[in-house]
Amino acid sequence: MAIRLVVGDLFKQDASPVIGMTATFDTLVPDVIAATSVQGVFLKAVYAGSQEKLDADLDRALAEFRPEGTIAKPGKQVVYPLGTVATLSPPGSIRYYCAAYTRMDEQNRANGTIRSVLDSLDNSWEAADVHGNGEPICVPVIGQGQSRIPELTPEISIRLIAFSFLLRSKRSRFASELRIVVHPSEQDKINFPEFQAFLTSLAAS
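Residues numbered from 1 in each chain as written. Predicted model: local features only at pLDDT ≥ 70, side-chain atom pairs only at ≥ 80, totals over all residues. Heavy atoms only, no water.

Asks: I would appreciate a short explanation of the packing of helix α4 (residues 154-171) against helix α5 (residues 192-204) in the present structure.
Replies: In a packed pair of helices, the relevant descriptors are the angle between the two axes and the axis-to-axis distance. Close contact between α4 and α5 brings their axes to 11 Å; oriented N to C, the two are set at 20°. Here α4 lies roughly parallel to α5, going by the angle between them. Considering only the axes of α4 and α5, their crossing is right-handed. Counted together, Ile158, Arg159, Ala162, Phe163 and Leu166 of α4 and Glu194, Phe195, Phe198, Leu199 and Leu202 of α5 form the full contact between these two elements. (Axes fitted to C-alpha atoms, helices over the stretch in contact; angles between N-to-C directions. Helix = DSSP H or I, 4+ residues; strand = E, 2+ residues; numbered from the N terminus. Parallel < 35°, antiparallel > 145°, perpendicular 65-115°, else oblique. Left-handed = near helix turned anticlockwise from the far one by under 90°. Contact = heavy atoms within 4.5 Å.)

Asks: What am I meant to see in the state of the cysteines here?
Replies: In protein structure, a disulfide is the covalent linkage between the sulfur atoms of two cysteines. Inspection of the entire model under this criterion finds zero disulfides. We note that Cys98 lacks a disulfide partner, and the nearest cysteine sulfur, in Cys138, lies 12 Å from it. With relative accessibility at 0%, the residue Cys138 sits in the buried group. (Disulfide = S-S within 2.5 Å. Buried < 20%, exposed > 50% of the residue type's maximum accessible area, 1.4 Å probe, protein only.)

Asks: Can you help me understand the pattern of salt bridges in this one?
Replies: Opposite charge on two side chains allows them to pair when their charged atoms are near. Within this structure, the stated rule accounts for 13 salt bridges. Measuring nitrogen to oxygen at the nearest pair gives 3.3 Å for the salt bridge that ties Glu177 to Arg4. In this pair, Glu177 is assigned in strand β9 (residues 177-182) and Arg4 in strand β1 (residues 2-7), connecting sequence segments 173 residues apart. Given the relative accessible area of 40%, Arg4 is considered partly exposed. Residue Glu68 is joined to Arg103 by a salt bridge in which the shortest nitrogen-to-oxygen separation is 2.6 Å. Linking Glu68 in the loop between α2 (51-62) and β3 (69-70) with Arg103 in strand β6 (residues 96-104), this pair joins segments that are 35 residues apart in sequence. (Salt bridge = Lys/Arg side-chain N within 4 Å of Asp/Glu carboxyl O.)

Asks: Explanation requested: the environment of Glu155 in the structure shown.
Replies: Structurally, the position occupied by Glu155 is in helix α4. For Glu155 and Phe195, which are 40 residues apart along the polypeptide, the C-alpha to C-alpha distance reads 8.1 Å. Beyond its immediate stretch of four places on either side in the chain, Glu155 contacts Lys189, Ile190 and Asn191. A polar contact of 2.5 Å, which involves the side chain of Glu155, links it to the backbone nitrogen of Asn191. (Polar contact = N/O pair within 3.5 Å; in protein donor to acceptor, adjacent residues only side chain to side chain.)

In structure tokens:
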């Protein structure tokens, strides 16, 4: 098992990505979801911009989960529990773990917490254990941008992701590698040597 921190494109890693979503699993770009967000890029890169195809795959994957309510807002209105993970398997060998870690309000403003991030990560690892074949998993620097989790800085985010992955891996091996992918625009916010020291301390514990 390996944990790597790389700079690059999340969707060019030959690994199964974790895609952060809202609890309503909104997909409308750009009216609800920003085109430059990870989810917006996901729609373009994987589904060639077809919201209909993405929605159909999400509906199939979410059929096994019970919604917790509804919200009156533009876009999707059915709300699933935070931490819900919809596993998508479009044509190809890559799976996509769509994890709800933020909620939308009536004005489509997303808000999340560190607890909701941890729950979505935990459930993503479980989904990978069930649906994956031990393939590598890649995760973006979660909690930035429109998710509005101010206490989750890039440095804290990458440590949280790595620690969560390592804890779950101690129970059983479910992926050969975790690759935390830093967007080139964010690499100056990350101290790579300090993260390596953090990983070394985790490995020794």
